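# Topology and contacts: notes
Residue strings, one per chain:
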Amino acid sequence: MPDGKDPNYEVGDPYSKQEAIRPLVVTNCSEYVVAHSTYSLRPARFFSEVLMLPHILETMRKLGLNRLLRLQAYSWPHLGAGLGHGALIVGAPRSGRTFAYVPPVCQAVCKVLAESRRQRMLHPGKWPENELGAVALILVPDLARVRQVSAMCQALLRKARSEDGVTLTLSVPTAVSSEFLLRLLNGVGCLVATPAQLACFWREAPGLLRFPRLQFLVYDDVDLMSAEQLRNAKLVVQEILPTSHYPQVVMEARSYSEALMTKMRMASNHPAVIFGDVLEAALYGGTRIRIFLARLQAKSDKVVQVLKQRSPQAYRTVVYCMDDAEMQELVQALEDRGFGCLPYFQTSDLEVLEQFHHWLANTRGVILLCTDNCPELIIRNAHTLIHYGMGNSFSKFKMRHLTLSGNLTNSLAPTVSQVSLLSLVLLDNSNQRQLPRLVDFLRSHQQLDPAVVAVAQRIRRDIESKKSNEQALCGQIFVFGECRDPVCEDRHHVADLDRRPSYVPASGDVKVQLVRVYSPTHFCVRLLEHLPPKGNSKAMPFLAIQEIRLKLLQDKQPHRYWPPVAGAICMLHTAHIKERVRVLKVAPIQDVNLLSSDIAVKVQALDVDTRVVEAQSGRLFECSKALLQEPPMSCDLRLLGVVPQSGESSWAEEERTTVECWLKNLPKGHFLQAKIQFAAANTLFVQDLVAMVYADNSSRIIWEADESTLKKMEKEIEEPESPQVLHARCPRLIQKAREVTQKNQLMQKDQEFKSKATPKSNSNIQSSSQSNEDSMSQLYKCIRNCAMFQLEDAKQVKNDPNQVTIDPVEFLNQVMGGGSNQCDPPQVNPKPKKKTNKARTALPPVPAKTFKEEIPLQTHPNVSRPYVTYYQNTATLELQVCLPEDDQQYGALFLGSQIFFTATSKLSDLVHQFFLNLKFPYSSVCHHMVGRTAYISVVKSLAFVDPLDFAEYRFMKPNLEMFYKIEDSKSNSFKRLLAYRGYVQEKVHDEHSSEDSDEEERDLDGTERVDHGKLFDLF
């Protein structure tokens, strides 16, 4: 596929390799896994031991998945065993959790599709009822995961297509459409959706169908789904589950929960729990984790106290130290208390390693002491684990608990043996940096001492203050006030940089210019004017002048900015633009004295927009002092109290595109105005955002006519210079105008009299507003009366043949026009009478103009209707718009039941446009242009013939040739069918015969008359 898009892929999202596979984090991809089930799990060691279809293995190899992770080595064989084999997979993000279930799911989908194809080959022409719905249902927490998981499934299923009607991967669109429901009815491989989307789909089509061949039910990142979402999803799942069997259930989570394990036991006969996080496995297996804060001198006393409670004779004990020096001090303290020790230093030889192997066989009450830098020590059956220090990294701290893995309780085994396990963490002032992460982990599993929690919060504040990063606030905080992602890298607390600067308004109304639309509630804007609550409007610096000033202030030969510091303002040079940015995050720098160009930095734009981008330190340059003093040109604007209606945690791309289309297609001369509630973090939080347009002076119509003008017009009409007779409506219109004028003069006199008794300031405002209101109301009444007169005339019998009909709109324009004082009716020749003695010239009669029941639509002088031909088939209505030039720009819009078309030329102001009202249900429209012809195809919602009626559109002409071709093809196909069955004989036509067709005059008046007696193929 040259453009990276599969036309048979699910609604809206193209296949993308970038979405199909994300880079895995090495520290999260553990080489050690704890896996428990009702039977002994045997992992796969190589890809050759995995029973997968060849095209699935080939696709994984092309995606770069050549390494079999331990998490996948246990899950693939277990899930491939079939129904009843469910799994709870616990691991860190980007540790291979998703691919722990995606290949087995795709393998099952391919097998089901292959079996369906075989059954159709054995029973041709029969579509079994059990092929409805999806084979696998995957629920994910947010829309971003929908795109990623859908791309993964589509990548592995691309070569498994068996039938054109089967959709391999499908996601629920923002608005449930008939196309989505038809795809479900025709069969789907993998249906990927969020719980909110699944509930929305079920509300739109309740009780539509079950999924009789559902094989997999997957909950991806189930701990990130809210309780309400899970409840709604459970109600829908209960309705769509097959009645013959229960599918395989797979749950993927970042942390272990006993509630999830209970659900897994209920849904599977052979459940399995697979841990990629060893610390999570330790808690699952019954390990008690205790934290003790003490001074450095008191730590050894605490170790002795624990050893007296848990004797090394009964419990195999391992103590982890920070380094060899700390280990030597602890060994001396324990030997003084009578405990036997086996220290394993970094300089230990083979003799000590041999002693370690004897200790594994029989401890004999000896305590093993070691550090994190001893990978050759393989311990799996310890009972007591003492951390004399947490170590330099949290990942190494978690891997220490692998020493307890052999004694963890398997709650899924038929016979459960409970073993007492303890993990004691001793902390002092020198090794407390990892305490906040440990506290965050344990608070979700057990109760902690409040003193320990307070110390962890203090350490976190100290660490954040010393970090060289100022991350932007989390977007979930802005929308929902909370973030459910436990490993979110954004900032979740208020910092000093969030204070409102002086150049950002804090209240009142602001007029803004839209720059970018990030979401339906998040925009990038530039300030134009500010109106304080009690003050006058203040114009902001002109944007064009400000841009020029910023460019002039830039240094022609800037110096490299080094070292980058978070919060500083500098220049970012790219291949296309030079712009000011604020540094948010800087990767660790080994030596600031060495200039480096490959240090990763995260910056936020200040002038062009407010996007956050990642760059290299080599692209950062210093700003001049004058440029540093200039305020940013752009800022963020967010709407308060608006969340996605679907219940998602983020907005869909379709919703963002829709709002962007609304805001960028507003009338010319518009501006956006918002009411500020408060401002913080370079963001304006507003209550509403309104698009406004100032009315033009030419659009303000004021009724002005004096008595003399009306009398003069009446006289000219009563005694016309020409012998022509005007319509009887004209005197009534003049009489009505005279009454309105007299009433208007009386109201003005009363108003002048009242204004003398009121203050001058109020009188001006009231008079101006009252005059505008009166003029508009009078105009409305006049137009309404004209329409009523027109309806009355249409009902009257025209007795006078010489009477001239005048368009009421034309006459009204002449009456209200300031430049004309007389009514000039069109010249019409009277009807000739009988011959007399005097010779007269006989003129042909002019047909009288007929009016409909409504005032005709007036078009602009530079607007014309193009030549349009149309025809239809069973599925679509085809329009062909012929334009005078081939370089015209056009646009077609389908809104509701109307089609709007506009075409403009680069060389002239002439605009070709039209709109159609369709009475038949249509769903969508697609269009393209070839040469000077624009082809518009309108898709029908029902496969049926539309009785088209375009007689009122004079520019619309039926394409008779295409109509006849379609009719002939349908008729010939039916005749061939009858001839094949032997009912009729084929008729041979004479080439020289010429018969007149009874349909020769068909559709000449612009109306297609459908013969419903004919047979049409609906499919």
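These numbers were taken from a predicted model, which means no experiment stands behind them.

Broken down by element type, the chain carries 25 helices and 34 strands. Per-residue burial for the chain yields a buried fraction of 43% across its 1019 residues. Partitioning the contacts of the chain with sequence separation of at least 6, the portion at a separation of at least 24 is 70%. With the model as given, the accessible surface of the chain reaches about 57,400 Å², and the carbon-plus-sulfur share is 53%.

Looking at the chain, pLDDT values average 76 and 74% of them are 70 or higher. Looking at the elements of the chain, mean pLDDT is at its lowest for helix H1 (residues 17-20), recorded as 46, and at its highest for strand S6 (residues 216-219), recorded as 95. Across residues 1-23, confidence stays below pLDDT 50; counting only partners more than four residues off in sequence or on other chains, it has 54 contacts. Here residues 697-710 scores under 50 on pLDDT; set against residues more than four positions off or in separate chains, the count is 22 contacts.

Before going further, it helps to spend a moment on the nonpolar core. Counting 50 residues, the largest nonpolar core has Tyr101, Val105, Val109, Ile138 and Leu157 as its most contacted members. The leading source of residues in this core is helix H4 (residues 102-122), at eight residues. Once residues lying within four places of it in the same chain are set aside, the contact partners of valine 105 are Ala136, Cys190, Phe216 and Val218. Grouped together as the second largest cluster of nonpolar side chains are 43 residues, Leu170, Val188, Phe275 and Leu412 included.

The subject of this paragraph is helix H2 (residues 54-62). Those residues of H2 that fall on the buried side of the exposure criterion are His55, Ile56, Thr59 and Met60. The buried side chains of H2 occupy one side of the element, clustering within an arc of 140° when seen end-on. Residues Pro54, Arg61 and Lys62 are exposed on H2 and point more than 90 degrees away from its buried face. Structurally, H2 contributes buried residues whose contacts are with helix H3 (70-79), H4 and helix H5 (143-157). Taken from the residues just after H2, glycine 64 is the one with a positive phi, measuring 90°.

Okay, the packing of aromatic side chains next. When we look at a pair of aromatic rings, we describe it by the centre distance and by the angle of the planes. Scanning all chains against the criterion turns up 14 aromatic pairs. When the ring of phenylalanine 901 is compared with that of phenylalanine 914, the centres are 5.2 Å apart and the planes differ by 25°; the resulting orientation is stacked. One end of the pair, phenylalanine 901, is in strand S30 (residues 898-904); the other, phenylalanine 914, is in strand S31 (residues 911-917), with 13 residues separating them in the sequence. No difference in accessibility class separates phenylalanine 901 from phenylalanine 914, as the two residues are buried. Each member of the aromatic cluster is reached from another via a ring pair, and the members are Tyr890, Phe901, Phe914, Tyr953 and Phe955. Directly above the aromatic system of tyrosine 315 lies the positively charged group of arginine 310, at a separation of 4.1 Å from the ring centroid. When the ring centre of tryptophan 359 is taken as origin, the NZ or CZ atom of arginine 316, which lies over that ring, is 5.2 Å away.

We now examine unusual backbone geometry. Between tryptophan 562 and proline 563 the backbone carries a cis peptide bond, its omega angle lying at -10°. You can see proline 563 is positioned in the loop between helix H18 (543-553) and strand S18 (569-573). Residue aspartate 221 is not a glycine yet carries a positive backbone phi of 55°. In this fold, aspartate 221 is placed in the loop between S6 and helix H8 (227-240). A residue is classified by how much of its surface remains accessible, and aspartate 221, at 2% relative accessible area, is buried. Residues other than glycine seldom take positive phi values, yet alanine 681 does so here, at roughly 55°.

The next point concerns the sheet that holds strand S5 (residues 188-193). Across the sheet, eight strands lie side by side as S1-S8-S2-S7-S6-S3-S5-S4; this open sheet has mixed pairing. Across the chains shown, the open sheet's two edge strands, defined by having one partner strand only, are strand S1 (34-37) and strand S4 (167-171). Put simply, the sheet's adjacent strands are angled 10° from each other on average, direction ignored. Helix-sheet contacts for helix H6 (residues 178-186) involve S4 and S5, and the interaxial angle to S4 is about 140°.

Turning our eyes to something else, we now look at the side chain of histidine 912. Following the sequence through the fold, histidine 912 ends up in strand S31. A polar contact of 3.0 Å, which involves the side chain of histidine 912, links it to the side chain of serine 864. Leaving out residues up to four positions away in the same chain, histidine 912 has contacts with Ser864, Pro866, Leu883, Pro884, Gln888, Phe901, Thr902 and Ala903.

Read across the sheet, five strands follow the order S32-S33-S28-S27-S34 without closing on themselves; strand pairing throughout is mixed. The open sheet has two edge strands, strand S32 (922-930) and strand S34 (956-958), and neither has a second partner. If you compare each strand with its neighbour and ignore which way they point, the axes differ by 25° on average. In this sheet, S34 lies alongside strand S27 (residues 867-872) in parallel orientation, the contact comprising three bridges. Note that in S34 the partner of tyrosine 870 across the bridge is proline 958.

The end-to-end C-alpha separation of H5 is 21 Å, in line with the 21 Å expected for 15 residues at 1.5 Å each. The N-cap residue of H5 is aspartate 142: its side-chain oxygen and the backbone nitrogen of alanine 144 are 3.5 Å apart.

Turning to the packing of helix H11 (residues 299-309) against helix H12 (residues 324-336), a few remarks are in order. Where H11 meets H12, the closest approach of the two axes is 10 Å, and the angle between their N-to-C directions is 55°. In this view, H11 runs oblique relative to H12, as classed from their interaxial angle. Considering the relative orientation of H11 and H12, their crossing is right-handed. Facing H11, whose interface residues are Lys299, Ser300, Val303, Val304 and Leu307, H12 presents Glu326, Leu330, Ala333 and Leu334. Here the residues of the contact of H11 with H12 are counted per class, giving six nonpolar, one polar and two charged.

Bringing the pattern of salt bridges into the picture now. Tallying each qualifying case throughout the model produces 22 salt bridges. Where arginine 45 meets glutamate 49, a salt bridge forms, and the shortest distance between an N and an O atom there is 3.1 Å. Its relative accessible area of 62% is what places arginine 45 among the exposed residues. Among the salt bridges present, the one from arginine 516 reaches aspartate 609, with a minimum N-O distance of 3.2 Å. Highlighted residues: arginine 516 in strand S15 (residues 508-519) and aspartate 609 in the loop between strand S20 (600-605) and strand S21 (612-616), separated in sequence by 93 residues. Each of Arg97, Asp221, Glu252 and Arg254 takes part in one network of salt bridges that share partners.

The next point concerns the environment of serine 650. In this structure, serine 650 sits in the loop between strand S23 (635-639) and helix H20 (653-664). Excluding residues within four positions of it along the chain, serine 650 makes contact with Leu143 and Pro644.

This brings us to the packing of H4 against H5. Where H4 contacts H5, the two axes come as close as 10 Å, and the packing angle between them is 50°. Regarding the angle of H4 to H5, the classification is oblique. Crossing of H4 over H5 shows right-handed handedness. Within the contact between the two elements, H4 uses Val102, Pro103, Cys106, Val109 and Cys110 and H5 uses Met152, Cys153, Leu156 and Leu157. Here the residues of the contact of H4 with H5 sort into nine nonpolar, no polar and no charged.

On the surface, a cluster of nonpolar side chains totalling about 240 Å² of accessible area is made up of Leu182, Leu185 and Leu208. Along the chain, leucine 185 turns up in helix H6.

Structurally, the position occupied by threonine 933 is in strand S33 (residues 933-940). Judged by its relative accessible area of 19%, threonine 933 is buried. Dropping the residues within four chain positions of it, threonine 933 is found in contact with Gln880, Val881 and His928.

With that settled, consider the pairing of S20. Most of S20 sits out of view: five of its six residues are buried. Two strands pair when backbone bridges link them, and strand S19 (residues 578-586) and S20 are joined in this way by five bridges, in the antiparallel orientation. For arginine 582, the partnering residue across the bridge sits in S20 and is glutamine 604. Two elements, S20 and S21, share five bridges in a ladder whose sense is antiparallel. If you follow valine 603 over to S21, its bridge partner there is valine 613. Between the end of S20 and the start of S21, which pair antiparallel, lie six residues.

Thresholds applied
Residues numbered from 1 in each chain as written. Predicted model: local features only at pLDDT ≥ 70, side-chain atom pairs only at ≥ 80, totals over all residues. Heavy atoms only, no water. Helix = DSSP H or I, 4+ residues; strand = E, 2+ residues; numbered from the N terminus. Buried < 20%, exposed > 50% of the residue type's maximum accessible area, 1.4 Å probe, protein only. Contact = heavy atoms within 4.5 Å. Areas by Shrake-Rupley, 256 points an atom, 1.4 Å probe, with all protein chains shown as cover. pLDDT = per-residue confidence, 0-100. Core = buried A, V, L, I, M, F, W, Y, C linked by side-chain atoms within 4.5 Å. Arc of directions from axis to C-beta. Phe/Tyr/Trp six-rings, centres within 6.5 Å; stacked < 30°, edge-to-face > 60°. Lys NZ or Arg CZ within 6 Å of the ring centre and 35° of its normal. Pairing = 2+ DSSP bridges. Axes fitted to C-alpha atoms, helices over the stretch in contact; angles between N-to-C directions. Polar contact = N/O pair within 3.5 Å; in protein donor to acceptor, adjacent residues only side chain to side chain. Expected span 1.5 Å × (residues − 1). Parallel < 35°, antiparallel > 145°, perpendicular 65-115°, else oblique. Left-handed = near helix turned anticlockwise from the far one by under 90°. Nonpolar A, V, L, I, M, F, W, Y, C, P; charged D, E, K, R; others polar. Salt bridge = Lys/Arg side-chain N within 4 Å of Asp/Glu carboxyl O. Patch = residues over 30% accessible without salt bridge, like charges linked within 9 Å, V, L, I, M, F, W, Y side chains within 5 Å.

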